[in-house]
Amino acid sequence: MDYEIRPTSRKDLRLYAKLFRSICGFKEDEPIDPIPLLDKLPDLEGFENVRYEVVYNNILAGAVPAQCILLEDGYLIQIKESVYNSARNKKTGGSRMHIMHEIMHAFLDKLGYKPIFSRNLTKSTPLYCRLEWAVMAIAGEVMMPYEATEGMPVKELMKTYGVSESAAKKRLKY
């Protein structure tokens, strides 16, 4: 499901990605493994109320690999067991991106990119006003920092940053 948010830009999301990396203590070009990051989040200022749980595969709908739920006391990231294990074993970059995507839901929400429930999302809603576009874009920017990856071939992006071929190809477009 997607929601309308206040406008953002890829340029802004790149800056937010740098901010996120800085908060987490990652170097500008350092690959990030989202599995240890999940355990580190509650120890970081501003992320004390972000927690996660690995759930049986049948708990989430078939096509949903993970989800971030806003609760009264914070955020809960639920991750399908198969997705978590795949990311932990570094079998697929897609699983790693799914997890980073959910972490970015909490981060963007904290930055004020909250769904605008009074407006209906339509096909004419620009991408830069769509929550899922913003979350996907910043997840890619966090996993594959722009300055460090500019001009890097797809295979090298995949190997260095542990992302899927699809994510690496998308990175090269922007």
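Right above here is the structure, for reference.
Visitor: Please explain the pairing of strand β2 (residues 66-71) as it appears in this structure.
Guide: In the case of a regular strand, side chains alternate between the two sheet surfaces. Bridge analysis of β2 against strand β3 (residues 74-80) gives six bridges, and the strand direction is antiparallel. Bridge pairing in β3 links Leu 71 to Gly 74. Between β2 and β3, which follow one another and run antiparallel, lie two residues.

Visitor: Just to check I follow, could you spell out the pattern of salt bridges for this structure?
Guide: Pairs can form between side chains of opposite charge once their charged atoms are near each other. By the definition in use, this model includes seven salt bridges. The closest approach of N and O atoms between Arg 14 and Glu 141, which form a salt bridge, is 3.1 Å. Of this pair, Arg 14 sits in helix α1 (residues 10-24) while Glu 141 sits in helix α5 (residues 131-143), placing them 127 residues apart in sequence. When its relative accessible area of 5% is taken as the criterion, Glu 141 is described as buried. For Lys 169, the salt bridge goes to Glu 165, with nearest N and O atoms at 3.2 Å. In this pair, Lys 169 and Glu 165 both sit in helix α8 (residues 165-173), four residues apart, roughly one turn of the helix. Within this structure, Arg 10, Arg 14 and Glu 141 form a network of salt bridges that share partners.

Visitor: Please clarify how empty space enclosed by the protein should be interpreted in this entry.
Guide: Think of a ball as big as a water molecule: rolled over the atoms, this probe shows where empty space is left. Across all of its chains, the model carries one cavity of 30 Å³ or more by this definition. As for the largest cavity, its lining consists of Arg 14, Ala 17, Lys 18, Arg 21, Glu 28, Glu 141, Pro 145, Tyr 146 and Glu 147. Only α1 and α6 (146-149) provide two or more residues apiece to the lining of the largest cavity. Split into classes, the residues belonging to the lining of the largest cavity amount to three nonpolar, no polar and six charged.

Visitor: Please explain the sheet that holds strand β1 (residues 50-55) as it appears in this structure.
Guide: Read from one edge of the open sheet, three strands run β1-β3-β2, paired in mixed fashion. Only two strands of the sheet have a single partner each, and these edge strands are β1 and β2. Averaged over all pairs of adjacent strands, the angle between strand axes in this sheet comes to 20°, irrespective of strand direction. Sheet strands in contact with helix α3 (residues 81-88) are β1 and β3, and its direction is about 85° off that of β3.

Visitor: Sorry if this is basic, but what is going on with the side chain of Glu 102 here?
Guide: Mapped onto the elements, Glu 102 comes out in helix α4 (residues 93-110). Nearest to the buried, unbridged Glu 102 among oppositely charged side chains is Lys 80, at 11 Å. In contact with Glu 102, not counting residues within four places along its chain, are Ala 66, Gln 67, Cys 68 and Ile 77.

Visitor: Is there a simple way to think about the layout of surface pockets in this case?
Guide: For the largest pocket, the calculated volume is near 1,100 Å³. Forming the boundary of the largest pocket are 40 residues, of which His 101, Glu 102, His 105, Glu 132 and Met 136 lie nearest the centre. Listed by contribution, the elements that provide at least two residues to the lining of the largest pocket are β2, α4, α5 and α8. The residue makeup of the lining of the largest pocket, split by class, is 24 nonpolar, eight polar and eight charged.

About the criteria used
- Residues numbered from 1 in each chain as written.
- Predicted model: local features only at pLDDT ≥ 70, side-chain atom pairs only at ≥ 80, totals over all residues.
- Heavy atoms only, no water.
- Pairing = 2+ DSSP bridges.
- Helix = DSSP H or I, 4+ residues; strand = E, 2+ residues; numbered from the N terminus.
- Salt bridge = Lys/Arg side-chain N within 4 Å of Asp/Glu carboxyl O.
- Buried < 20%, exposed > 50% of the residue type's maximum accessible area, 1.4 Å probe, protein only.
- 1 Å grid on protein atoms, 1.4 Å probe; cavity = no way out; pocket = protein on both sides within 12 Å on 5 of 7 lines; lining within 4 Å.
- Points joined across faces, edges and corners; volume = space filled by probe spheres on them.
- Nonpolar A, V, L, I, M, F, W, Y, C, P; charged D, E, K, R; others polar.
- Axes fitted to C-alpha atoms, helices over the stretch in contact; angles between N-to-C directions.
- Contact = heavy atoms within 4.5 Å.
- Lys, Arg positive; Asp, Glu negative; His and termini not counted.

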